[in-house]
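# Report on the structure
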Amino acid sequence: MKVYLDNAATTSLDPAVLDAMLPYLKDKYGNPSSIHAYGRESRSAIEKARRTIADHFSVSPGEIFFTSGGTEANNMALHSGIRSLDIKNVISSKLEHHAVSHTLNYLEAAGNIKVHWVNLKDNGVIDMDHMEHLLGSNEQVMVSLMYANNEIANLLPVQKAGSLCENHNAVFHSDVVQAIGHYPIDFQELKLNMASCSAHKFHGPKSTGFLYVQGDCLLQPFIHGGPQERNMRGGTENVYGIVGLAKALDLAVENMDKDRAHIEGLKSYMMTELQTAIEGVLFNGESGGDSLYTILNLSLPITEKREMLLFNLDIKGIAVSGGSACSSGVSEDSHVLMAIGTDMERPSVRISFSKYNTKTDIDYLVKTLVEVL
Ligand code: PLP
């Protein structure tokens with residue numbers, strides 16, 4: 001049996017998304033910058049996708065900039081945002097994806113900014129009082145805090161963070177990569193100035209994403225070259241990827257309530273089954289409504305089988321993740337689990353669900369986990 005429960009790392013392409021993309025991989029191959037019919041066909045597909053995406057977030061198409069995914073969108077927001085908006089201080093947290101934290105470390109080492117790491121409370125909850133204090137004691141500030149954590153699933157009170165930023169005149173950026181497609185998101189209502197997205201986390205293609213940049217934030221180019229993406233990002237656009245991104249988003253939004261009910265059911269079933277089958281299992285991060293419903297992070301009892309755990313599950317056909325998915329294969333303790341004080345002697349496993357998972361998958365994982373342990 002094969003079971004894929006690593007959907008926070010990436011998801012399978014929805015067949016309907018593939019169908020939408022195929023014409024742009026075959027016959028509709030014009031360069032969108034060309035003025036002939038082939039080019040115009042590709043251009044129109046890109047602009048249609050941009051409109052679709054903008055509508056889903058209640059923003060205008062001119063505020064959507066396509067990128068090669070979440071990492072690039074985060075880099076664009078931080079590099080171009082900090083440079084163009086004259087930012088001197090950035091407030092962020094130790095729980096961010098490396099696409100944010102490593103970029104901030106780099107910019108700080110280069111002398112461009114000072115980074116203020118907001119305090120964390122129990123379970124990795126962002127200390128909003130400390131955030132407010134940092135906002136009040138610094139000027140020319142950008143806040144970069146992720147909507148949903150990709151390892152422990154914690155959700156940021158985004159609305160509250162947005163209001164605090166607005167009150168203190170700070171620019172608010174959020175990595176919304178893990179939340180998009182799973183929650184209705186209105187960028188304006190959340191008072192976001194910038195938001196990073198990636199298509200492959202909700203059954204879209206890899207290496208495609210976008211950065212939302214609110215109209216008032218005029219950013220300088222991130223990738224110099226041609227005039228693509230209104231001079232922000234030179235380079236011929238990933239037409240089929242962009243078409244796939246818009247289709248995947250359409251499907252995710254259309255089926256959100258149904259898929260959410262299904263996945264929430266799987267997560268709570270998994271928690272109950274694990275607690276019954278494995279004595280001493282712990283769940284990392286927040287739970288219930290403060291937790292992204294697609295991710296469950298657990299710590300198992302200490303065992304000498306720790307090193308071989310994921311390998312043994314893999315042999316049995318089960319794909320899950322140990323630390324951050326983006327760094328799986330690299331045996332480095334997760335910076336997120338360490339930041340929230342998880343006992344690193346215990347093996348930790350991240351299970352992440354999609355609409356395609358079933359209770360049979362969960363049963364097989366729990367049974368195999370018990371066997372392997
Ligand atoms: N941000 C978060 C929260 C992620 O989970 C990931 C991928 O795991 C990324 C950014 C990077 O996105 P991409 O793989 O599209 O570069």
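## Structural notes on unusual backbone geometry
You will see that N169, though not glycine, has its phi angle at about 60 degrees, which is positive. As for its placement among the helices and strands, N169 is situated in the loop between α6 (158-167) and β6 (171-175). With phi around 50 degrees, R230 is a residue other than glycine that occupies positive phi space. In this structure, R230 sits in the loop between β8 (209-213) and α7 (239-254). Assessed through its relative accessible area of 39%, R230 is described here as partly exposed.

## With respect to the side chain of D6
Inspection of the secondary structure puts D6 in the loop between β1 (3-4) and α1 (15-25). Side-chain polar atoms of D6 contact the side chain of R350, separated by 3.2 Å.

## With respect to α6
For α6, the complete set of buried residues consists of V158, A161, G162, L164 and C165. Taken around the axis of α6, the buried residues stretch over an arc of 160 degrees, which confines them to a single face. With respect to the buried face of α6, the exposed residues turned more than 90 degrees away are E166 and N167. Looking at the buried residues of α6, the elements they touch are α5 (128-136), β5 (141-144) and β6. N169 occupies a position one or two residues after α6 and carries a positive phi of about 60 degrees.

## Observations concerning the pattern of salt bridges
Pairing is possible between side chains of opposite charge, provided their charged atoms come close. The tally for this structure, following the rule as stated, stands at 15 salt bridges. For E307, the salt bridge goes to R306, with nearest N and O atoms at 3.3 Å. Residue R306 is classed as partly exposed on the basis of its relative accessible area, which comes to 28%. Here D333 and R306 are joined by a salt bridge, their closest N and O atoms 3.8 Å apart. Of this pair, D333 sits in the loop between β11 (318-319) and α10 (335-339) while R306 sits in the loop between β10 (295-299) and α9 (309-315), and the two are 27 residues apart along the sequence. Connected through salt bridges with shared partners, the residues R43, E47, R50, E229 and E237 form a single ionic network.

## What to know about the packing of helix α8 (residues 256-277) against helix α11 (residues 359-372)
Across the interface, α8 lies against α11 with an axial gap of 10 Å and an inter-helix angle of 25 degrees. On the basis of the axis angle, α8 is roughly parallel to α11. Viewed along their axes, α8 and α11 form a crossing whose handedness is right-handed. Between α8 and α11, the contacting residues are L266, Y269, M270, E273, L274 and A277 on the first element and K359, I362, D363, L365, V366, L369 and V370 on the second. Grouping the amino acids of the contact of α8 with α11 by side-chain chemistry returns 10 nonpolar, no polar and three charged.

## Points about the pairing of β8
Extensive coverage of β8 is indicated by the burial of five of its five residues. Side chains G209, L211 and V213 project from β8 onto one buried face, and the interleaved F210 and Y212 project onto a second face that is buried too. Bridge count for strand β2 (residues 64-67) against β8 is four bridges, and the pairing is antiparallel. Within β8, the residue paired with T67 across the bridge is G209. Here strand β7 (residues 194-198) pairs with β8 via five bridges, running antiparallel. Bridge pairing in β8 links S198 to G209.

## Digging into the sheet that holds strand β9 (residues 282-283)
Pairing is antiparallel in the open sheet, where three strands are placed in the order β9-β10-β12. Each of the sheet's edge strands pairs with one partner strand only, and the pair in question is β9 and β12 (348-352). Examined bridge by bridge, β9 and β10 share two bridges and lie antiparallel to one another. Bridge pairing in β10 links F283 to L298. Contacts from α8 reach β9, β10 and β12, with the element oriented near 15 degrees to β10.

## Considering the pairing of β12
Most of β12 is tucked away, with five of its five residues classed as buried. In the sheet, β10 pairs with β12 via five bridges, with the strands oriented antiparallel. Bridge pairing in β12 links N297 to R350.

## Brief notes about the domain arrangement of the chain
Domain boundaries assigned for the chain yield domain 1 (3-11 + 256-372) and domain 2 (15-254). Here the C-alpha centre of domain 2 lies 27 Å away from the C-alpha centre of domain 1. Listed as interface residues are 33 residues of domain 1 and, on the opposing side, 32 residues of domain 2. With both sides pooled, the region where domain 1 packs onto domain 2 buries about 2,800 Å², and carbon together with sulfur makes up 53% of that total.

## Quick word on α11
In this model, α11 (14 residues) spans 20 Å end to end at C-alpha, consistent with the 20 Å of a helix rising 1.5 Å per residue. Taken together, the buried positions of α11 are occupied by D361, I362, Y364, L365, V366, T368, L369 and V372. Where the residues of α11 are buried, they touch β1, α8, α9, β11 and β12.

Parameters at a glance
Residues numbered from 1 in each chain as written. Predicted model: local features only at pLDDT ≥ 70, side-chain atom pairs only at ≥ 80, totals over all residues. Heavy atoms only, no water. Helix = DSSP H or I, 4+ residues; strand = E, 2+ residues; numbered from the N terminus. Buried < 20%, exposed > 50% of the residue type's maximum accessible area, 1.4 Å probe, protein only. Polar contact = N/O pair within 3.5 Å; in protein donor to acceptor, adjacent residues only side chain to side chain. Arc of directions from axis to C-beta. Contact = heavy atoms within 4.5 Å. Salt bridge = Lys/Arg side-chain N within 4 Å of Asp/Glu carboxyl O. Axes fitted to C-alpha atoms, helices over the stretch in contact; angles between N-to-C directions. Parallel < 35°, antiparallel > 145°, perpendicular 65-115°, else oblique. Left-handed = near helix turned anticlockwise from the far one by under 90°. Nonpolar A, V, L, I, M, F, W, Y, C, P; charged D, E, K, R; others polar. Pairing = 2+ DSSP bridges. Domains from an automatic or database assignment. Buried area = accessible area lost by both parts, 1.4 Å probe. Expected span 1.5 Å × (residues − 1).

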